[in-house]
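# Coordinate analysis (summary)
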Amino acid sequence: MPGDYYQTLGVTRDANKDEIKRAYRRLARKYHPDVNKEPGAEEKFKEISRAYEVLSEPEIRQRYDQFGEAGVSGGGAQGFDVGNMGDFADIFETIFGGFGGGMGGQQRGRRRANGPTRGDDLRLDLQLTFQEAIFGGEKEIRIPHLESCQVCEGTGAKPGTGVKTCGTCNGAGQVRRATRTPFGSFAQVSTCPTCNGTGEVIEEKCEACNGVGRKQETKKLKITIPAGVDDGTRLRVGKEGDAGLRGGPAGDLYVFLMVETDKHFVREGMNIRSNLEVSYLQAILGCRLEVDTVDGKAELTIPAGTQPNTVLTLENQGVPKLGNATIRGDHLITVKVQIPTRINSEERELLERLATIKGESHGKGGLEGFLGGLFHK
């Protein structure tokens, strides 16, 4: 069985795409069969390549996060499909000089670097009350993220100026350096430090964003919390992450929910549990009591002869089903019977008469022992 792909690459579960790529590049350089001849290196290389294949694609990664290996074991996620070859080519050009080398590989890298880039996904932890988690509703949040600069329209260039070809890499976006190793000579390709791989440099930087093309802003946002969410539920808010580069789409915002505990109610899946204390006379004779529920006050019938720790059910007053709020769980109420430790003389006289009628011995064992026997008659 495959291990955890995040552990395989040595990254956290909230690692962004660049962190995942760097981790893969480092491990691929170490375990590639052309470099590492130790037993097991080839299998290790296949394992880290599979991990990168899954985690480098946002949609496949999302399925893996939600369902694990079962979510990515279908045909669409198996093997190095054509759609993923660009990313792998970029990494292998950096490590081993590309597939076939030459300026063609450099041109591929430049086209990728200059094209639109999707913005990073963001995470926000949001705390809800017990009631908010059950019934949902709207919440206003403040999210700091990167937005496209309005002055330069995301280009990073001062209005009225443009870009020019990078003089360090001559527009390739990469610099190449030959390295001799015990295994032979390798051409190592790295991102151009002057243009950061774009192949172009800005003539004059936009003063509003210092040439970055994006600015850090804090945005107010209203999100809808569906009824029935629970502690650890993750909500995806599309296009509310960081803005993309060079006209690329924005990333997504993932809201992780944390639910406060309640002093009266405990949640068990779609059911809610609570306790109700009644007197021993109410348990023996039965009664109707008003109880607290998540919907407010409700009337509960205590049947005559109710035993301690009996569980009574209020149907359809539990937690709504996530995604279908018309279906609800139940409210389960555990009856706790209060047995007094002290009684007055009149109460004792009446109880002793009752004990005589029942044929119960009451000279020893005290009131609690007598009532314990009485409940089970």
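One can find the structure itself at the top, above this paragraph.
Please read all numbers here as calculations on a predicted model, not as lab measurements.

With that out of the way, let us pick up the overall build of the protein. When its secondary structure is counted, the protein shows 10 helices and 17 strands. For the protein, buried positions account for 38% of its 377 residues. Contacts spanning at least 24 positions in sequence make up 65% of the contacts within the protein whose residues lie at least 6 apart. Taken as a whole, the protein presents about 21700 Å² of accessible surface, with 49% of it coming from carbon and sulfur.

To continue, consider the side chain of Arg-61. Topologically, Arg-61 is positioned in helix α4 (residues 58-67). One buried charged residue, Arg-61, forms no salt bridge at all, with the nearest opposite charge on Asp-65 at 4.1 Å. In this structure the side chain of Arg-61 is engaged in a polar contact, spanning 3.0 Å, whose partner is the backbone oxygen of Arg-13. Excluding its chain neighbours within four sequence positions, the residues that come into contact with Arg-61 are Tyr-6, Arg-13, Asp-14, Ala-15, Ile-20, Val-54 and Leu-55.

Turning next to the pattern of salt bridges. Evaluated as defined, the whole model comprises 18 salt bridges. Ionic contacts of the salt-bridge type, sharing partners, join the residues Arg-118, Asp-121, Arg-236 and Asp-252 into one network.

Our focus in this paragraph is the environment of Gly-232. Examined against the element boundaries, Gly-232 turns out to sit in the loop between β7 (214-225) and β8 (234-237). In the structure, Gly-232 is positioned 27 residues away from Val-259 in sequence and 8.1 Å away in space, judged by C-alpha atoms.

Take the packing of helix α2 (residues 17-31) against helix α3 (residues 41-55) next. At a minimum axis distance of 9 Å, the contact between α2 and α3 shows a crossing angle of 165 degrees. Accordingly, the angle class assigned to the pair α2 and α3 is roughly antiparallel. As for how α2 packs across α3, the hand of that crossing is left-handed. Side by side, α2 and α3 meet where Ile-20, Lys-21, Tyr-24, Leu-27, Ala-28 and Tyr-31 of the first sit next to Ala-41, Lys-44, Phe-45, Ile-48, Ser-49, Tyr-52 and Leu-55 of the second.

On to the packing of aromatic side chains, then. What characterises a pair of aromatic rings is the spacing of the ring centres plus the angle enclosed by the ring planes. All chains considered together, the criterion is met by four aromatic pairs. One aromatic cluster is present, formed by Tyr-5, Tyr-6 and Tyr-64 through successive ring pairs. Sitting over the ring of Tyr-31, Lys-44 keeps its end group 5.9 Å from the ring centre. One cation-aromatic arrangement involves Arg-123 over Phe-256; the distance from NZ or CZ to the ring centre is 3.8 Å.

Another aspect to go through is a negative patch on the surface. Taken together, the side chains of Asp-14, Asp-18, Glu-19 and Asp-120 make up a negatively charged region of the molecular surface. You can see Asp-120 is positioned in the loop between α6 (103-114) and β1 (122-128).

Moving on: the sheet that holds strand β17 (residues 331-338). In space, the four strands of this open sheet follow the order β10-β11-β17-β14, with mixed pairing throughout. Edge positions in the sheet fall to β10 (266-268) and β14 (311-314), since each of these pairs with one other strand and no more. Each neighbouring strand pair of the sheet contributes to a mean axis angle of 35 degrees, computed without reference to strand direction. Judged from the four bridges that link them, β14 and β17 form a sheet pairing that is antiparallel.

Moving on to the sheet that holds β1. An order of β1-β9-β8 is seen for the three strands of this open sheet, with the pairing classed as mixed. Single-partner strands in this sheet number two, and they are β1 and β8. In this sheet, neighbouring strand axes are inclined to one another by 25 degrees on average, regardless of whether the strands run parallel or antiparallel. Note that β8 and strand β9 (residues 253-259) share four bridges and pair antiparallel. For Arg-236, the partnering residue across the bridge sits in β9 and is Tyr-254.

It is worth spelling out unusual backbone geometry at this point. The backbone of Asn-170 sits at a positive phi, close to 55 degrees, despite the residue not being glycine. Mapped onto the elements, Asn-170 comes out in the loop between β3 (163-165) and β4 (174-181). By relative accessible area, Asn-170 is classed as exposed at 63%. Positive phi values are uncommon outside glycine, yet Lys-239 reaches one of about 65 degrees. Assignment of secondary structure puts Lys-239 in the loop between β8 and β9. Take Lys-239: its relative accessible area is 53%, and that puts it in the exposed class.

Moving on: the state of the cysteines. If you walk through the whole model with that rule in mind, you get zero disulfides. Its sulfur unpaired, Cys-149 is 3.7 Å from the next cysteine sulfur, which belongs to Cys-152.

Before going further, it helps to examine the nonpolar core. Leu-9 and Leu-55 are the most contacted members of the largest nonpolar core, which totals 21 residues. Looking at this core, the elements that each hand over two or more residues are α1 (5-9), α2, α3 and α4. Core analysis: the next-biggest nonpolar cluster, separate from the first, contains 17 residues, Leu-126, Leu-128, Ala-133 and Val-229 among them.

Scoring rules and cut-offs
Residues numbered from 1 in each chain as written. Predicted model: local features only at pLDDT ≥ 70, side-chain atom pairs only at ≥ 80, totals over all residues. Heavy atoms only, no water. Helix = DSSP H or I, 4+ residues; strand = E, 2+ residues; numbered from the N terminus. Buried < 20%, exposed > 50% of the residue type's maximum accessible area, 1.4 Å probe, protein only. Contact = heavy atoms within 4.5 Å. Areas by Shrake-Rupley, 256 points an atom, 1.4 Å probe, with all protein chains shown as cover. Lys, Arg positive; Asp, Glu negative; His and termini not counted. Salt bridge = Lys/Arg side-chain N within 4 Å of Asp/Glu carboxyl O. Polar contact = N/O pair within 3.5 Å; in protein donor to acceptor, adjacent residues only side chain to side chain. Axes fitted to C-alpha atoms, helices over the stretch in contact; angles between N-to-C directions. Parallel < 35°, antiparallel > 145°, perpendicular 65-115°, else oblique. Left-handed = near helix turned anticlockwise from the far one by under 90°. Phe/Tyr/Trp six-rings, centres within 6.5 Å; stacked < 30°, edge-to-face > 60°. Lys NZ or Arg CZ within 6 Å of the ring centre and 35° of its normal. Patch = residues over 30% accessible without salt bridge, like charges linked within 9 Å, V, L, I, M, F, W, Y side chains within 5 Å. Charge placed at Lys NZ, Arg CZ, Asp CG, Glu CD. Pairing = 2+ DSSP bridges. Disulfide = S-S within 2.5 Å. Core = buried A, V, L, I, M, F, W, Y, C linked by side-chain atoms within 4.5 Å.

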